[in-house]
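Spelled out from the first residue to the last, the chains are:
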Amino acid sequence: MLGSAHSTACYDKMRGHEVREQCPFCGEQIPPVWEHLSWHCSAEQLSSGRPEVPEDELQNRLAWPPRGCDAYGRAVLHHMARVRATLRENMN
Ligand SMILES: [Zn+2]
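Trainee: Please set out the overall build of the protein residue by residue, giving values where relevant.
Mentor: Along the protein, the regular secondary structure elements total 5 helices and 0 strands. The linear arrangement of helices and strands in the protein, starting from the amino end, is α-α-α-α-α. The C-alpha atoms of the protein give 13 Å as radius of gyration, which agrees with the globular expectation for 92 residues (12 Å, within 12%). Taking the principal axes of its C-alpha atoms as reference, the protein extends roughly 40 × 25 × 20 Å. Each of the 92 residues in the protein was classed as buried or not, and the buried ones make up 22%. Taking the intrachain contacts of the protein between residues at least 6 apart in sequence as the baseline, contacts between residues at least 24 apart amount to 41%.

Trainee: Just give me the short version of the environment of Leu 87, but keep the residues and values in it.
Mentor: By the element assignment, Leu 87 lies in helix H5 (residues 71-89). Taking the C-alpha atoms as reference, Leu 87 lies 9.4 Å from Phe 25; in sequence the two are 62 residues apart. Those residues within four positions of Leu 87 in sequence are excluded, and the remaining contacts are Thr 8 and Leu 37.

Trainee: Could you give an account of unusual backbone geometry, with specific residues and numbers?
Mentor: With the exception of glycine, most residues fall at negative phi, and the peptide bonds are largely trans. Even without being a glycine, Ala 63 presents a positive backbone phi close to 70°. In this fold, Ala 63 is placed in the loop between helix H4 (57-62) and H5. Assessed through the 26 C-beta atoms surrounding it within 10 Å, Ala 63 is described here as buried.

Trainee: Requested: an account of the nonpolar core, with residues and values cited.
Mentor: Side chains that are nonpolar tend, in soluble globular proteins, to be buried together. Within the largest apolar cluster, 11 residues are counted, these being Cys 23, Phe 25, Trp 34, Leu 37, Cys 41, Leu 46, Ala 63, Val 76, Met 80, Val 83 and Leu 87. When contributions to this core are tallied by element, the ones reaching two or more residues are helix H2 (34-40) and H5. The element that contributes the greatest number of residues to this core is H5, accounting for 4 residues.

Trainee: With reference to specific residues and values, describe H5.
Mentor: The end-to-end C-alpha distance of H5 is 27 Å, a good match for the 27 Å that 19 residues give at a rise of 1.5 Å each. Taken together, the buried positions of H5 are occupied by Val 76, His 79, Met 80, Val 83, Arg 84 and Leu 87. Seen end-on, H5 carries its buried residues on one side only, within an arc spanning 135°. What points out from H5, more than 90 degrees from its buried face, is the exposed set Ala 71, Ala 85, Arg 88 and Glu 89. Looking at the buried side of H5, the elements it contacts are helix H1 (8-14), H2, helix H3 (44-47) and H4.

Calculation criteria
- Residues numbered from 1 in each chain as written.
- Predicted model: local features only at pLDDT ≥ 70, side-chain atom pairs only at ≥ 80, totals over all residues.
- Helix = DSSP H or I, 4+ residues; strand = E, 2+ residues; numbered from the N terminus.
- Rg over C-alpha atoms; globule rule 2.2 N^0.38 Å.
- Buried ≥ 20, exposed ≤ 12 C-beta atoms within 10 Å, placed from the backbone.
- Contact = placed C-beta atoms within 7 Å.
- Core = buried A, V, L, I, M, F, W, Y, C linked by C-beta atoms within 7 Å.
- Expected span 1.5 Å × (residues − 1).
- Arc of directions from axis to C-beta.

See the structure below:
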């Protein structure tokens, strides 16, 4: 089960940096917060295979499936794990 992960904006703040105003993945003028990176970023490495945005808040943020882990629940888990890995691989 995937736990909480941090966004690029959160890592900026944790390292004492100004939060960047532009997403480093898609170039859009938006801070790279988790909601953007997980569910709205147009960069191929974050959007490829992305499932529909979960309506359930815990599933949306933590990938916890609300009613057992069906195919959609597994897709959300895999997607969010891939987003987390991509963010960690591209920290700068
Ligand atoms: Zn983006």
